[in-house]
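Here are the chains, one letter per residue:
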Amino acid sequence: MKGSLEGKEIILGVSGSIAAYKAVEILRELTGRGAAVTVVMTEGAQRFVAPLTFETLSRRPVLTDLFTLDYDKHIGHVATGERANLLVVAPATANTIAKFAHGLADDFLSNLYLSSPCPVLLAPAMDREMYAHSAVQENLTHLKARGVHVLEPEYGELASGLIGRGRLPELSTILQKIDDLLRHQGDLTGETVLVTAGPTQELLDPVRYISNRSTGKMGFALAQAAQDRGAHVTLVSGPTSLPTPPGIMRTDVTTAEEMYQAVLDRLDTTTILIMAAAVADYRPSSSASQKMKKQETLTVEFVRNPDILAEAGRHKGSRILVGFAAETEDLLENAREKLRKKHLDLIVANDIRVGFGGETTRVTILDRHGGVQELPERSKREVAHQILDRVVALRSGERA
Ligand SMILES: Cc1cc2nc3c(=O)[nH]c(=O)nc-3n(C[C@H](O)[C@H](O)[C@H](O)COP(=O)(O)O)c2cc1C
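Each value, and the rule that gives it
Residues numbered from 1 in each chain as written. Predicted model: local features only at pLDDT ≥ 70, side-chain atom pairs only at ≥ 80, totals over all residues. Heavy atoms only, no water. Helix = DSSP H or I, 4+ residues; strand = E, 2+ residues; numbered from the N terminus. Rg over C-alpha atoms; globule rule 2.2 N^0.38 Å. Buried < 20%, exposed > 50% of the residue type's maximum accessible area, 1.4 Å probe, protein only. Contact = heavy atoms within 4.5 Å. Areas by Shrake-Rupley, 256 points an atom, 1.4 Å probe, with all protein chains shown as cover. Near = heavy atom within 4 Å. Polar contact = N/O pair within 3.5 Å; in protein donor to acceptor, adjacent residues only side chain to side chain. Nonpolar A, V, L, I, M, F, W, Y, C, P; charged D, E, K, R; others polar. Phe/Tyr/Trp six-rings, centres within 6.5 Å; stacked < 30°, edge-to-face > 60°. Axes fitted to C-alpha atoms, helices over the stretch in contact; angles between N-to-C directions. Parallel < 35°, antiparallel > 145°, perpendicular 65-115°, else oblique. Left-handed = near helix turned anticlockwise from the far one by under 90°. Patch = residues over 30% accessible without salt bridge, like charges linked within 9 Å, V, L, I, M, F, W, Y side chains within 5 Å. Salt bridge = Lys/Arg side-chain N within 4 Å of Asp/Glu carboxyl O. Pairing = 2+ DSSP bridges.

Peer 1: Got a minute to help me understand the overall build of the chain in this structure?
Peer 2: Secondary structure assignment for the chain yields 15 helices and 21 strands. Taking 21 Å as the expected radius of gyration for a compact globule of 400 residues, we find that the chain reaches 24 Å, a close match to that expectation. Principal-axis analysis of the C-alpha atoms gives the chain an extent of 75 × 55 × 35 Å. Expressed as a percentage of its 400 residues, the buried residues of the chain come to 49%. Residue pairs at least 24 apart in sequence account for 65% of intrachain contacts in the chain once pairs closer than 6 positions are excluded. Carbon and sulfur atoms form 50% of the exposed surface of the chain, whose accessible area is close to 19100 Å².

Peer 1: Explain the site of the ligand to me, please; I cannot follow it from the model alone.
Peer 2: Taken together, the neighbourhood of the ligand is formed by 13 residues, with Gly16, Thr42, Thr93, Ala94 and Thr96 sitting nearest. Between the ligand and Ser17 there is a distance of 2.8 Å, counted from an oxygen atom to a side-chain nitrogen or oxygen. Here an oxygen atom of the ligand and a side-chain polar atom of Thr96 are 2.6 Å apart. Look at the ligand: alone it shows 640 Å² of surface, and the protein chains cover 62% of it. Broken down by element, the shell around the ligand gets its largest block of residues, three residues, from helix H5 (residues 94–102). Per-class residue counts for the shell around the ligand are six nonpolar, seven polar and no charged.

Peer 1: Can you walk me through the packing of aromatic side chains in this structure?
Peer 2: Two measures describe an aromatic ring pair: the distance that separates the ring centres and the angle between the ring planes. Counted by the stated rule, this structure contains one aromatic pair. Seen from their ring centres, Phe100 and Tyr113 are 4.3 Å apart, and the 10° between their planes marks the pair as stacked. With Phe100 in helix H5 and Tyr113 in helix H6 (residues 108–115), this pair connects stretches of sequence that are 13 residues apart. Residue Tyr113 is classed as buried on the basis of its relative accessible area of 10%.

Peer 1: So what exactly am I meant to see when it comes to the packing of helix H1 (residues 22–32) against helix H9 (residues 171–183) here?
Peer 2: If you want to describe how two helices pack, look at the angle between their axes and the distance between the axes. The geometry of H1 relative to H9 is characterised by a closest axis approach of 11 Å and an angle of 45° between their N-to-C directions. Here H1 lies oblique to H9, going by the angle between them. Judged by the twist between their axes, the crossing of H1 over H9 is right-handed. Contacts between H1 and H9 involve Glu25, Ile26, Glu29 and Leu30 from the first element and Leu171, Ile174, Leu175 and Ile178 from the second. Considered class by class, the residues forming the contact of H1 with H9 number six nonpolar, no polar and two charged.

Peer 1: Please explain a nonpolar patch on the surface as it appears in this structure.
Peer 2: Residues Ile210, Tyr282 and Phe302 make up a contiguous nonpolar surface patch of about 270 Å² in total accessible area. Counting through the fold element by element, Ile210 comes out in strand E10 (residues 209–210). With a relative accessible area of 34%, Ile210 lands in the partly exposed category.

Peer 1: Explanation requested: the side chain of Arg395 in the structure shown.
Peer 2: Within the fold, Arg395 resides in helix H15 (residues 380–399). At 3.2 Å, the side chain of Arg395 and the backbone oxygen of Thr271 are in polar contact. Each residue touching Arg395, except ones within four places of it in the same chain, is listed here: Glu191, Thr271, Ile272, Ser318 and Ile320.

Peer 1: I would appreciate a short explanation of the sheet that holds strand E5 (residues 149–150) in the present structure.
Peer 2: Backbone-to-backbone hydrogen bonds pair the strands of a sheet. The strands run either parallel or antiparallel. The strand order across the open sheet built from five strands is E2-E1-E3-E4-E5, with neighbouring strands paired in parallel fashion. Only two strands of the sheet have a single partner each, and these edge strands are strand E2 (36–41) and E5. With six bridges connecting them, strand E1 (residues 9–14) and E2 associate as parallel partners. Looking at E2, one finds that Gly13 is bridged to Val40. Most of the contacts of H1 go to E1, to which it runs at about 175°, and overall it touches E1, E2 and strand E3 (86–92). Contacting E1, E2, E3 and strand E4 (120–124), H6 crosses the sheet at an angle of about 140° to E3.

Peer 1: Explain the sheet that holds strand E13 (residues 272–275) to me, please; I cannot follow it from the model alone.
Peer 2: Within the open sheet, the eight strands sit side by side as E12-E11-E8-E13-E16-E17-E19-E20. Their pairing is mixed. The open sheet has two edge strands, strand E12 (249–252) and strand E20 (372–374), and neither has a second partner. For this sheet the average axis-to-axis angle between neighbouring strands, irrespective of direction, equals 15°. Sheet analysis places E13 next to strand E16 (residues 320–327), joined by four bridges and oriented parallel. Residue pairing for E16: Leu273 is matched across the bridge by Leu321.

Here it is, written out as structure tokens:
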């Protein structure tokens, strides 16, 4: 990853948590990757780690005092915020989170938050009970709704000796998120992305259903990646146990017909539609109103479900349409046929013997111009970004 953040200006805010010493390691990693980092410390943070440590490693003055001008005689917090590509606060205390949520501005860091037009990432760290408190949770909800990226603290042993959620996320998690936010720097800003995810369930009776093994992980990874790249994202999800990525609007559906309706209702305002859901092709022709009694044999008649992608293809307009083809045989031929028939821009063909349900997947991306890109097995997060790279390339091709 050496050099991956070359040319990026990052502000690293450090607030008064026992985890402040971990920010030293974050700084080392960021500068090691080529980023120029300005460290801002709260008064509380300076009680835990001396500014000199950060100053030495960043080779820049550490900003602590609101009432000084910066080296070019500008107002420090305004000038610093304007230059930055990203403001990361790690660790973010309950106090700093509250100040950001309510617009309080009584130190350098909180003024900087209000005056920085760049994306903001918070990595909270605090005691279990503090993190669980509704005051903290409500403040985080406010911030997420405002577009602030928030990493979930990790579960484990805390400085207090208690076990629970509140630990600063692992260094690798923080760095990966910074990388995701900076690498693509808002290249989907202005786009409204609708992602479908997960399986659908087709009801046989009030307690039984026909479904498939999709977990929704690919769709959720796409939604998160699109949001990290600046898009306004809506997720229409079938039944899954996955948590909603912060800042994303989610609509839950159960059946293919509900998903069809949810997508069509939002199609007018969508500029990029990514259908990653594993929608059932068929549903039982009737669903029993009472639980079915045991019988020797059972015959169920199925009827076709509406084809969401084909319908979206018929009303394509200037929208970018991305479909998925999950197959066990003749993968590329089937995917190519689907791409053509449904007027898609991209189709992601995945061999379900690798991708279904797991953390990684191996896909081939086919585009409307006949391009074929075979990707090695990668995490779903990485594959999501590769798919979005292709979407961005198609968009800029259209504009050229
Ligand atoms: C030993 C010690 C450890 C602390 N650790 C945390 C912490 O991990 N998270 C947190 O939100 N507050 C923690 N606090 C409380 C904050 O330091 C306190 O709320 C302070 O006002 C935060 O100010 P700041 O947000 O401006 O840095 C700790 C306090 C002490 C004395």
